[in-house]
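Given next are the chains, with one letter for each unit.
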Amino acid sequence: MTSLGAPGARPGGLHAQLVDALGRRIAHGDLPVGSLVSPERVESEYEVSRTVVREALRSLEVLGMVRPRHKVGTTVQPQESWALLNPQVIAWRADGPDADTQLGELLTLREALEPAAAGIAALGGREAIVGTLREHLRGMRDAYERRSRSAFVSADTGFHRTVLRGAGNAVLSQLGQTLIATLHARYSDRHQFFTADTAASLDRHERVVEAIAAMDPAAAQAAAASLVRASRVEVLGSAPAREG
(Lines give C-alpha, C1' and ligand atoms only; values in the text may rest on other atoms or scores of the structure.)
Protein backbone atom coordinates (compact mmCIF):
# COMPACT_ATOMS: atom_id res chain seq x y z
CA MET A 1 0.00 0.00 0.00
CA THR A 2 1.40 3.39 -1.03
CA SER A 3 0.10 6.63 0.44
CA LEU A 4 0.25 9.55 -1.99
CA GLY A 5 -0.09 12.00 0.88
CA ALA A 6 2.90 10.61 2.79
CA PRO A 7 5.88 12.84 3.67
CA GLY A 8 8.12 13.23 0.64
CA ALA A 9 5.29 12.72 -1.83
CA ARG A 10 5.38 14.76 -5.03
CA PRO A 11 3.49 18.08 -4.92
CA GLY A 12 0.03 18.50 -6.44
CA GLY A 13 -3.38 16.93 -5.95
CA LEU A 14 -4.05 13.21 -5.85
CA HIS A 15 -4.50 13.06 -9.63
CA ALA A 16 -1.13 14.72 -10.30
CA GLN A 17 0.61 12.59 -7.68
CA LEU A 18 -0.83 9.37 -9.09
CA VAL A 19 0.15 10.31 -12.65
CA ASP A 20 3.67 11.01 -11.39
CA ALA A 21 3.88 7.75 -9.46
CA LEU A 22 2.63 5.56 -12.31
CA GLY A 23 4.53 7.45 -15.01
CA ARG A 24 7.74 7.11 -13.05
CA ARG A 25 7.19 3.36 -12.56
CA ILE A 26 6.61 2.91 -16.28
CA ALA A 27 9.66 5.00 -17.22
CA HIS A 28 11.83 3.04 -14.78
CA GLY A 29 10.61 -0.33 -16.06
CA ASP A 30 8.85 -1.29 -12.84
CA LEU A 31 5.71 -1.59 -14.97
CA PRO A 32 7.19 -3.20 -18.09
CA VAL A 33 5.90 -2.96 -21.64
CA GLY A 34 2.81 -5.09 -22.17
CA SER A 35 1.94 -5.32 -18.48
CA LEU A 36 -1.64 -4.77 -17.43
CA VAL A 37 -2.40 -1.75 -15.27
CA SER A 38 -5.43 -2.81 -13.30
CA PRO A 39 -7.56 0.14 -12.10
CA GLU A 40 -8.76 -1.98 -9.16
CA ARG A 41 -5.20 -2.75 -8.12
CA VAL A 42 -4.09 0.87 -8.47
CA GLU A 43 -7.11 2.02 -6.48
CA SER A 44 -6.26 -0.38 -3.67
CA GLU A 45 -2.51 0.19 -3.71
CA TYR A 46 -2.66 3.99 -3.62
CA GLU A 47 -5.90 4.33 -1.62
CA VAL A 48 -7.55 6.66 -4.14
CA SER A 49 -10.96 6.71 -5.75
CA ARG A 50 -11.78 5.03 -9.05
CA THR A 51 -12.37 8.47 -10.54
CA VAL A 52 -8.80 9.57 -9.69
CA VAL A 53 -7.45 6.34 -11.19
CA ARG A 54 -9.42 6.81 -14.42
CA GLU A 55 -8.22 10.41 -14.77
CA ALA A 56 -4.61 9.41 -14.13
CA LEU A 57 -4.72 6.60 -16.69
CA ARG A 58 -6.30 8.99 -19.19
CA SER A 59 -3.41 11.41 -18.67
CA LEU A 60 -0.89 8.63 -19.21
CA GLU A 61 -2.80 7.57 -22.33
CA VAL A 62 -2.42 11.09 -23.73
CA LEU A 63 1.34 10.73 -23.13
CA GLY A 64 1.29 7.47 -25.06
CA MET A 65 2.48 5.43 -22.10
CA VAL A 66 -0.62 3.26 -21.70
CA ARG A 67 -3.42 2.17 -23.98
CA PRO A 68 -6.87 0.85 -23.04
CA ARG A 69 -8.12 -2.02 -25.16
CA HIS A 70 -11.56 -3.58 -25.13
CA LYS A 71 -11.64 -6.93 -23.32
CA VAL A 72 -7.91 -6.63 -22.62
CA GLY A 73 -7.56 -3.69 -20.26
CA THR A 74 -5.02 -0.89 -19.98
CA THR A 75 -1.53 -2.00 -20.97
CA VAL A 76 1.87 -0.30 -20.88
CA GLN A 77 3.05 0.78 -24.33
CA PRO A 78 6.57 0.59 -25.82
CA GLN A 79 8.79 3.64 -25.48
CA GLU A 80 8.45 4.63 -29.13
CA SER A 81 4.79 5.42 -28.42
CA TRP A 82 5.58 7.82 -25.56
CA ALA A 83 5.55 11.61 -25.85
CA LEU A 84 9.32 11.68 -25.42
CA LEU A 85 9.56 15.46 -25.83
CA ASN A 86 7.08 16.10 -23.02
CA PRO A 87 8.93 17.69 -20.04
CA GLN A 88 7.18 15.38 -17.58
CA VAL A 89 8.24 12.27 -19.50
CA ILE A 90 11.77 13.67 -19.72
CA ALA A 91 11.80 14.16 -15.94
CA TRP A 92 10.63 10.59 -15.33
CA ARG A 93 13.32 9.14 -17.60
CA ALA A 94 15.99 11.45 -16.16
CA ASP A 95 16.45 9.36 -13.03
CA GLY A 96 15.65 6.02 -14.62
CA PRO A 97 17.81 3.28 -16.15
CA ASP A 98 18.10 4.96 -19.56
CA ALA A 99 18.85 8.43 -18.20
CA ASP A 100 22.17 8.79 -20.02
CA THR A 101 20.67 7.52 -23.28
CA GLN A 102 17.94 10.12 -23.02
CA LEU A 103 20.41 12.87 -22.16
CA GLY A 104 22.45 12.00 -25.24
CA GLU A 105 19.33 12.12 -27.40
CA LEU A 106 18.25 15.46 -25.99
CA LEU A 107 21.72 16.94 -26.40
CA THR A 108 21.59 15.91 -30.05
CA LEU A 109 18.32 17.83 -30.34
CA ARG A 110 19.93 20.84 -28.69
CA GLU A 111 22.88 20.64 -31.07
CA ALA A 112 20.45 20.89 -33.98
CA LEU A 113 18.19 23.64 -32.65
CA GLU A 114 20.04 25.92 -30.25
CA PRO A 115 22.81 27.04 -32.65
CA ALA A 116 20.14 27.82 -35.26
CA ALA A 117 18.22 29.88 -32.68
CA ALA A 118 21.37 31.76 -31.68
CA GLY A 119 22.13 32.56 -35.33
CA ILE A 120 18.62 33.90 -35.90
CA ALA A 121 18.78 35.92 -32.68
CA ALA A 122 22.01 37.52 -33.91
CA LEU A 123 20.27 38.72 -37.05
CA GLY A 124 18.09 40.91 -34.85
CA GLY A 125 20.73 41.81 -32.29
CA ARG A 126 18.05 43.39 -30.11
CA GLU A 127 19.46 45.22 -27.11
CA ALA A 128 16.80 43.81 -24.81
CA ILE A 129 17.78 40.23 -25.67
CA VAL A 130 21.49 40.96 -25.26
CA GLY A 131 20.90 42.73 -21.96
CA THR A 132 18.87 39.83 -20.62
CA LEU A 133 21.51 37.32 -21.69
CA ARG A 134 24.22 39.33 -19.95
CA GLU A 135 22.11 39.52 -16.80
CA HIS A 136 21.66 35.74 -16.76
CA LEU A 137 25.38 35.23 -17.39
CA ARG A 138 26.23 37.48 -14.43
CA GLY A 139 23.84 35.40 -12.36
CA MET A 140 25.59 32.21 -13.45
CA ARG A 141 29.03 33.59 -12.58
CA ASP A 142 27.84 34.78 -9.19
CA ALA A 143 26.16 31.44 -8.47
CA TYR A 144 29.32 29.59 -9.47
CA GLU A 145 31.43 31.70 -7.11
CA ARG A 146 28.98 30.99 -4.29
CA ARG A 147 28.56 27.36 -5.41
CA SER A 148 24.80 27.90 -5.33
CA ARG A 149 23.21 25.07 -7.26
CA SER A 150 19.68 26.50 -7.35
CA ALA A 151 20.78 29.98 -8.42
CA PHE A 152 22.99 28.54 -11.15
CA VAL A 153 20.18 26.38 -12.58
CA SER A 154 17.80 29.36 -12.56
CA ALA A 155 20.26 31.64 -14.37
CA ASP A 156 21.36 28.95 -16.82
CA THR A 157 17.82 27.97 -17.82
CA GLY A 158 16.96 31.67 -18.15
CA PHE A 159 19.93 32.15 -20.46
CA HIS A 160 19.01 29.33 -22.82
CA ARG A 161 15.31 30.20 -22.78
CA THR A 162 16.24 33.76 -23.81
CA VAL A 163 18.35 32.48 -26.73
CA LEU A 164 15.39 30.46 -27.98
CA ARG A 165 12.94 33.32 -27.57
CA GLY A 166 15.41 35.67 -29.21
CA ALA A 167 14.95 33.78 -32.46
CA GLY A 168 11.39 35.11 -32.63
CA ASN A 169 10.25 31.71 -33.93
CA ALA A 170 7.06 30.28 -32.44
CA VAL A 171 8.06 26.67 -33.10
CA LEU A 172 11.45 27.09 -31.43
CA SER A 173 9.77 28.83 -28.51
CA GLN A 174 7.41 25.91 -28.04
CA LEU A 175 10.35 23.53 -28.04
CA GLY A 176 11.93 25.68 -25.37
CA GLN A 177 10.42 23.70 -22.49
CA THR A 178 11.80 20.51 -23.97
CA LEU A 179 15.29 21.94 -24.30
CA ILE A 180 15.13 23.43 -20.81
CA ALA A 181 14.16 19.98 -19.54
CA THR A 182 17.44 18.81 -21.06
CA LEU A 183 19.29 21.12 -18.69
CA HIS A 184 17.41 19.75 -15.70
CA ALA A 185 18.23 16.21 -16.83
CA ARG A 186 21.87 17.25 -17.04
CA TYR A 187 21.68 18.66 -13.51
CA SER A 188 20.22 15.50 -12.00
CA ASP A 189 21.93 13.86 -9.06
CA ARG A 190 23.44 11.31 -11.44
CA HIS A 191 26.02 13.85 -12.56
CA GLN A 192 28.49 16.10 -10.76
CA PHE A 193 27.08 19.62 -10.65
CA PHE A 194 30.06 22.00 -10.67
CA THR A 195 33.02 20.50 -12.52
CA ALA A 196 36.49 21.49 -13.64
CA ASP A 197 34.91 22.68 -16.89
CA THR A 198 32.32 25.03 -15.37
CA ALA A 199 34.50 28.16 -15.58
CA ALA A 200 35.29 27.44 -19.23
CA SER A 201 31.60 26.83 -19.88
CA LEU A 202 30.81 30.31 -18.57
CA ASP A 203 33.29 31.73 -21.07
CA ARG A 204 31.58 29.78 -23.84
CA HIS A 205 28.25 31.29 -22.78
CA GLU A 206 29.86 34.73 -22.98
CA ARG A 207 31.02 34.08 -26.55
CA VAL A 208 27.41 33.35 -27.51
CA VAL A 209 26.31 36.66 -26.00
CA GLU A 210 29.03 38.68 -27.69
CA ALA A 211 28.35 37.13 -31.09
CA ILE A 212 24.63 37.96 -30.80
CA ALA A 213 25.50 41.50 -29.65
CA ALA A 214 27.82 41.89 -32.67
CA MET A 215 24.97 40.73 -34.95
CA ASP A 216 27.24 37.98 -36.32
CA PRO A 217 24.97 34.97 -37.06
CA ALA A 218 27.80 32.65 -38.12
CA ALA A 219 29.78 33.36 -34.96
CA ALA A 220 26.68 33.01 -32.78
CA GLN A 221 25.81 29.69 -34.34
CA ALA A 222 29.38 28.40 -33.97
CA ALA A 223 29.60 29.57 -30.34
CA ALA A 224 26.30 27.92 -29.42
CA ALA A 225 27.31 24.69 -31.16
CA SER A 226 30.60 24.66 -29.27
CA LEU A 227 28.74 25.23 -26.00
CA VAL A 228 26.38 22.30 -26.48
CA ARG A 229 29.11 19.96 -27.75
CA ALA A 230 31.26 20.75 -24.72
CA SER A 231 28.28 20.06 -22.45
CA ARG A 232 27.94 16.60 -23.99
CA VAL A 233 31.61 15.81 -23.44
CA GLU A 234 31.51 17.17 -19.88
CA VAL A 235 28.50 15.07 -18.91
CA LEU A 236 28.72 11.95 -21.07
CA GLY A 237 32.44 11.94 -21.81
CA SER A 238 32.14 11.64 -25.58
CA ALA A 239 31.07 13.46 -28.70
CA PRO A 240 28.15 12.08 -30.73
CA ALA A 241 28.97 9.37 -33.23
CA ARG A 242 28.87 10.62 -36.78
CA GLU A 243 27.90 8.56 -39.80
CA GLY A 244 30.62 8.37 -42.36
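You'll find the structure just up there.
Let us look at the structure shown here.

What counts and how
Sequence order as written defines residue numbering, which begins from 1 separately in each chain. Local features are withheld for residues below a pLDDT of 70 in this predicted model, meaning they are given only at 70 or higher, and side-chain atom pairs are given and counted only at 80 or more; totals for whole chains, interfaces and linings count all residues. In computing side-chain properties, one takes all heavy atoms of the structure into account and sets aside hydrogens as well as water. Salt bridge criterion: a side-chain nitrogen from Lys or Arg within 4 Å of a carboxyl oxygen from Asp or Glu. For two strands to pair, DSSP has to find at least two bridges joining them. Here a helix means four or more residues in a row that DSSP labels H or I, a strand means two or more in a row labelled E, and each is numbered from the N terminus. Side-chain rings of Phe, Tyr and Trp, where Trp is taken by its six-membered ring, are said to pair if the distance between their centres is within 6.5 Å; with planes under 30 degrees apart they count as stacked, over 60 as edge-to-face, and otherwise as tilted. Nonpolar cores were defined as sets of buried Ala, Val, Leu, Ile, Met, Phe, Trp, Tyr and Cys residues, with membership established by side-chain atoms within 4.5 Å. Under the scheme applied here, a residue whose accessible area is under 20% of the maximum for its type counts as buried, over 50% as exposed, and between as partly exposed, the area being computed with a 1.4 Å probe on protein chains only. What makes two residues a contact is simply this: any of their non-hydrogen atoms within 4.5 Å. For a helix, the expected span equals 1.5 Å multiplied by the number of residues minus one. The arc in question is formed by the directions pointing from the helix axis toward the C-beta atoms. With axes taken as lines fitted to C-alpha atoms, and helix axes fitted only over the stretch in contact, angles between N-to-C directions fall between 0 and 180 degrees. The labels follow the angle: roughly parallel below 35 degrees, roughly antiparallel above 145, roughly perpendicular from 65 to 115, and oblique for the rest. Rotating anticlockwise by less than a right angle from the far helix to the near helix defines a left-handed crossing, while the corresponding clockwise rotation defines a right-handed one. Following the grouping adopted for this structure description, the nonpolar residues are Ala, Val, Leu, Ile, Met, Phe, Trp, Tyr, Cys and Pro, the charged ones are Asp, Glu, Lys and Arg, and the polar ones are all others, Gly among them.

### Remarks on the pattern of salt bridges
- Scanning the entire structure with this criterion turns up 14 salt bridges.
- Salt-bridge contacts for Arg204 lead to Asp197; the nearest nitrogen and oxygen are separated by 2.4 Å.
- In this structure, a network of salt bridges that share partners links the residues Asp20, Arg24 and Asp95.

### Things to note about the pairing of strand E2 (residues 73-76)
- In this structure, strand E1 (residues 66-69) lies alongside E2, joined through four bridges in antiparallel fashion. Within the sheet, the bridge partner assigned to Arg67 lies in E2 and is Thr75.
- Remark: three residues form the turn of the hairpin made by E1 and E2, two consecutive strands paired antiparallel; Lys71 in that turn has positive phi of roughly 70°.

### Some remarks on the packing of aromatic side chains
- Tallying each qualifying case throughout the model produces four aromatic pairs.
- On the numbers, 5.6 Å between centres and 55° between planes, the contact of Tyr144 with Phe194 is tilted. Of this pair, Tyr144 sits in helix H6 (residues 127-146) while Phe194 sits in the loop between helix H8 (170-186) and helix H9 (198-213); the two residues are 50 residues apart in sequence, bridging distant segments of the chain.
- An angle of 85° between the planes, with centres 5.4 Å apart, marks the rings of Phe152 and Phe194 as edge-to-face. With a gap of 42 residues between them, Phe152 in helix H7 (residues 149-166) and Phe194 in the loop between H8 and H9 connect regions that are remote in the sequence.

### Topic: the nonpolar core
- Core analysis: the largest hydrophobic core is formed by 35 residues, its most contacted members being Leu133, Met140, Phe152, Phe159, Val208 and Ile212.
- Elements supplying a minimum of two residues to this core: helix H5 (99-124), H6, H7, H8, H9 and helix H10 (217-236).
- Among the elements that take part in this core, H6 stands out by supplying seven residues, more than any other.
- Leaving out residues up to four positions away in the same chain, Val208 has contacts with Phe159, Ala223, Ala224 and Leu227.
- In terms of nonpolar packing, the next biggest core, distinct from the first, is built from 24 residues, Ala21, Val42, Val48 and Val89 among them.

### Re helix H3 (residues 50-62)
- Compared with an ideal rise of 1.5 Å per residue, which puts 13 residues at 18 Å, H3 spans 18 Å between its outermost C-alpha atoms and is within 8% of the ideal.
- Turning to H3, its buried residues are Val52, Val53, Ala56, Leu57 and Leu60. All buried residues of H3 fall inside an arc of 130° around its axis, so they share one side.
- Elements in contact with the buried residues of H3: helix H1 (14-27), helix H2 (39-46), E1, E2 and helix H4 (87-94).
- Positive backbone phi, at 75°, marks Gly64, one or two positions downstream of H3.

### A look at H6
- Here H6 contains 20 residues, and its C-alpha end-to-end distance of 29 Å stays within 8% of the 28 Å for a straight helix at 1.5 Å per residue.
- The set of residues buried in H6 consists of Ile129, Val130, Leu133, His136, Leu137, Met140, Ala143 and Tyr144. Along H6, the residues classed as buried sweep out an arc of 150° about the axis, all on the same side. Exposed side of H6, more than 90 degrees from the buried face: Glu127, Ala128, Arg138 and Glu145 are the residues found there.
- On its buried side, H6 packs onto H7 and H9.

### Focus: the environment of Ile212
- Its place among the elements puts Ile212 in helix H9.
- Sequence separation between Ile212 and Leu123 is 89 residues; the distance between their C-alpha atoms is 7.7 Å.

### Observations regarding the packing of H5 against H10
- Contact geometry for H5 and H10: axes closest at 7 Å, N-to-C directions at 165°. Our classification of the angle between H5 and H10 gives roughly antiparallel. At the point where H5 passes H10, the crossing takes the right-handed sense.
- Of the residues assigned to the contact of H5 with H10, the class counts are 14 nonpolar, five polar and six charged.

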